[in-house]
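The primary structure of each chain is shown beneath.
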Amino acid sequence: MSDFEDYTAVFFQECDELLDDLEERLGALAEGDRDPETVHAAFRAVHSIKGGADAFGYGELVTFAHVFEAVMDAIRGGRLAPAPEVCEALIRGRDVLCDLVERAGGDNPVPLPAAETMTEELVALSTGEPAAGKPAEEPAGEAAEPGDPSGPDQGRAYRIRFAPGPDFQTCGHDPLRLIQALRGLGAVQVQVAGEIPPLADLDPEVCPLSWEIGLESDAGPDAIDSFFQIYRTTAEIGITRVETEGEPPPGAADTDTAGTAPAGVAELAPPAADQEPSAAAAAAKPASAAPAKARRNLRVDLERVDRLVNMVGEIVITQAAMAQTLADHTTVNLELGHANDAMTRQIRELQDCVMAIRAQPMKGVFSRLTRLMRDLAQQFGKEVRAEITGADTEVDSTVIEELAEPLIHILRNAMDHGIETPEERERAGKPRQGTISIDAEHRGERVVISIADDGNGIDRDLVLAKAVERGLVEPGAAPAPDEIDQLVFHPGLSTAKAVSKVSGRGVGLDVVKRNITALGGRVTLENRPGAGTRITITLPLSLAVLDGMTIAVGDQRFVIPLGAVVEALTLSDAAPQRLPSGVRVMVRRDEYLPLLSVREALGVAGAEADEQMVVIVNTDADAHIGLLVDELIGQRQVVLKSIEANYRGVPGVSGATILSDGRAALILDVPALQLLAAPGRRGAKMEYVQ
């Protein structure tokens, strides 16, 4: 791959991040957020895309971004109010901007007629009659006086002195790309200042040159200042607004300019004849204003991170094997034991650091959901507001990638089937505006995500009728309410009266359940007829490493996620009793606790039952059950391996791992195991890999 291809790849990665940030800011504006920083952040996102696109020659993208930027500049200048129709147009404009970015990065670009229509709409917004009677392109607070050469008819001219600091290049900046991108704002004249030192004294990471740039642009001073904002921590920058007539070329001695520099554009005294531009910039800077240390970021291909995670997992297995070997020898050197303990701590710290690299907040997925909610509300004529909590909850990036589609399916069902129209809600005594709550939180070693609505809930009579019609339930049967609710996860079952673009074909919740199960997670549904539904997804925080409790059942080894383990008791202390139904229970702190035999639930073959221990675990419903096992081996870190990808799905099991002695062990899925042990489903025979 050439250097140019590397640069363009980074550009498109940055565009993805900027477009996500833009969507979040525009969504906040649409929700009524009037914080000036929200508008500034949206402006900067579009401006950064425009600058990068110009540097790489994507003219169509530059043109559209410039028009988009003009609307944002009008909003932040107070010349255009962020009314709902304006925000809606900007959100649609952001979609077109996404399409143009995708088109620029494609090998076979296709025409995009929507861009032309959207451009006209944005131009109409930016050039309309301003609220304060000012021209659309004029910055707030700068009314153009008749005959003023700096007015919009004459354009604006700026002198810019730019001197890179020692960290400029190491932070990933390039002076040539900066100047190329600056051309997107107008005509540019450039002169180079400074001297290149002798080769022996040349530091390739430090740029010894500086530049004096003449810029003629219709953009306002705020736009000029915003362009250079990203470079201010790593370069000395001086911007002077000058008259356009009789202006000496860049590099000539400065003369006094009429007027006062606007906010963000600093007046810079001319350097002495024997003074380098960088020194002049340093002299103009207050002594107390020490340059802030730029926060450095490094872009790494996710595949490389995945390889690193896998290597750490193998190190964990090797270290566990070594620890087991040392434990089996009673005459091990004391210093060797201490060294092993130290290495264990260091490997754990290494693992935590690596997993933190892969962790991403749920904010990106949640912002997509709120955008989808607004679009569907307009399509269905419904009024809905979103309540989001836990957007900063961090989850493994692999989990997030696989989570987006299931959450979109759930939200579509809530908008189509759950939330009523405003008129229907009023007749039911509800507020006209419905509410959809989206929440994420950590619970032990798992993350729990829920989407709840206050709509009409699931019509159980209709679901049962559809199930009977499709032959899923025998006519005349009377399943329990919870069993009826679970039928909505059956493939092909839909209660929609008509097929729409959103739903009605019976494809949705079954996909959700299948995708979440493939990730080692679970989906539960809580139905409140007339009051709404709540769908809860429980997933592992990471798909790489977890802390587990190793148990023995017969000659097999299993691992219980440590976050689910509450305590362990011997069977003699538990004093179990058997109910007439055959279910065994134990009394724990004056409460009856159901017991579940892992041997019976999984149909473990081999030695006779020798259940000696009860491991009390927590289920998704925050209830406790006791697992009957033969032996409690101990706590250890295990590396998760997908059993479905390497073998096939196994009921009651979420994955597999390799123990320190080289044996394979299955990782138990406690809630799924509980369902598997339900009456009529016990004793399912399993095949084990020895």
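This text follows the structure it describes.
Predicted model, so just to flag it, every value in this text is computed and none were measured.

Draft legend 1. Layout of the packing of helix α2 (residues 36-55) against helix α6 (residues 175-182). Interhelical geometry of α2 versus α6 gives an angle of 105° and a closest axis separation of 7 Å. Classified by the angle between their axes, α2 and α6 sit roughly perpendicular to one another. Where α2 abuts α6, its residues G51, D54 and A55 lie against R177, Q180 and A181.

Draft legend 2. Region of interest: the sheet that holds strand β4 (residues 235-242). Spatially, the four strands line up as an open sheet ordered β2-β3-β1-β4, and their pairing is antiparallel. Both outer strands of the open sheet, β2 (187-193) and β4, are each paired with one neighbouring strand and no more. Taking the axes of each pair of neighbouring strands and ignoring which way they run, one obtains an average angle of 15° across the sheet. Across seven bridges, β2 lies against strand β3 (residues 210-217) in antiparallel orientation. If you follow Q189 over to β3, its bridge partner there is G214.

Draft legend 3. Seen up close, a nonpolar patch on the surface. On the surface, a cluster of nonpolar side chains totalling about 330 Å² of accessible area is made up of I196, L199 and L202. For I196, the location among the structural elements is in the loop between β2 and β3. Given the relative accessible area of 58%, I196 is considered exposed.

Draft legend 4. Representation of the sheet that holds strand β20 (residues 631-639). One open sheet accounts for five strands, arranged β20-β12-β13-β22-β21; its pairing is mixed. Where the open sheet ends on each side, the last strands, each with one partner, are β20 and β21 (653-658). The sheet shows a mean angle of 35° between the axes of neighbouring strands, direction not considered. Note: strand β12 (residues 545-553) against β20, eight bridges, orientation antiparallel. By the bridge assignment, V545 is partnered in β20 with V639.

Draft legend 5. Seen up close, the packing of aromatic side chains. Using the criterion set out here, one finds six aromatic pairs in the structure. On the numbers, 5.7 Å between centres and 45° between planes, the contact of F12 with Y58 is tilted. In this pair, F12 is assigned in helix α1 (residues 3-30) and Y58 in the loop between α2 and α3 (59-76), connecting sequence segments 46 residues apart. Comparing F12 with Y58, the two get one shared label, buried. Aromatic pair F162 and F168: ring centres 5.4 Å apart, planes at 70°, arrangement edge-to-face. Accessibility assignment for this pair places F162 and F168 in one class, buried. One aromatic cluster in this structure is built from F11, F12 and Y58. Over the ring of F43 we find R76, and its NZ or CZ is 3.6 Å from the ring centre.

Here is what the cut-offs are and how they apply
- Residues numbered from 1 in each chain as written.
- Predicted model: local features only at pLDDT ≥ 70, side-chain atom pairs only at ≥ 80, totals over all residues.
- Heavy atoms only, no water.
- Axes fitted to C-alpha atoms, helices over the stretch in contact; angles between N-to-C directions.
- Helix = DSSP H or I, 4+ residues; strand = E, 2+ residues; numbered from the N terminus.
- Parallel < 35°, antiparallel > 145°, perpendicular 65-115°, else oblique.
- Contact = heavy atoms within 4.5 Å.
- Pairing = 2+ DSSP bridges.
- Patch = residues over 30% accessible without salt bridge, like charges linked within 9 Å, V, L, I, M, F, W, Y side chains within 5 Å.
- Areas by Shrake-Rupley, 256 points an atom, 1.4 Å probe, with all protein chains shown as cover.
- Salt bridge = Lys/Arg side-chain N within 4 Å of Asp/Glu carboxyl O.
- Buried < 20%, exposed > 50% of the residue type's maximum accessible area, 1.4 Å probe, protein only.
- Phe/Tyr/Trp six-rings, centres within 6.5 Å; stacked < 30°, edge-to-face > 60°.
- Lys NZ or Arg CZ within 6 Å of the ring centre and 35° of its normal.

Honestly, it's all geometry; don't read function into it.
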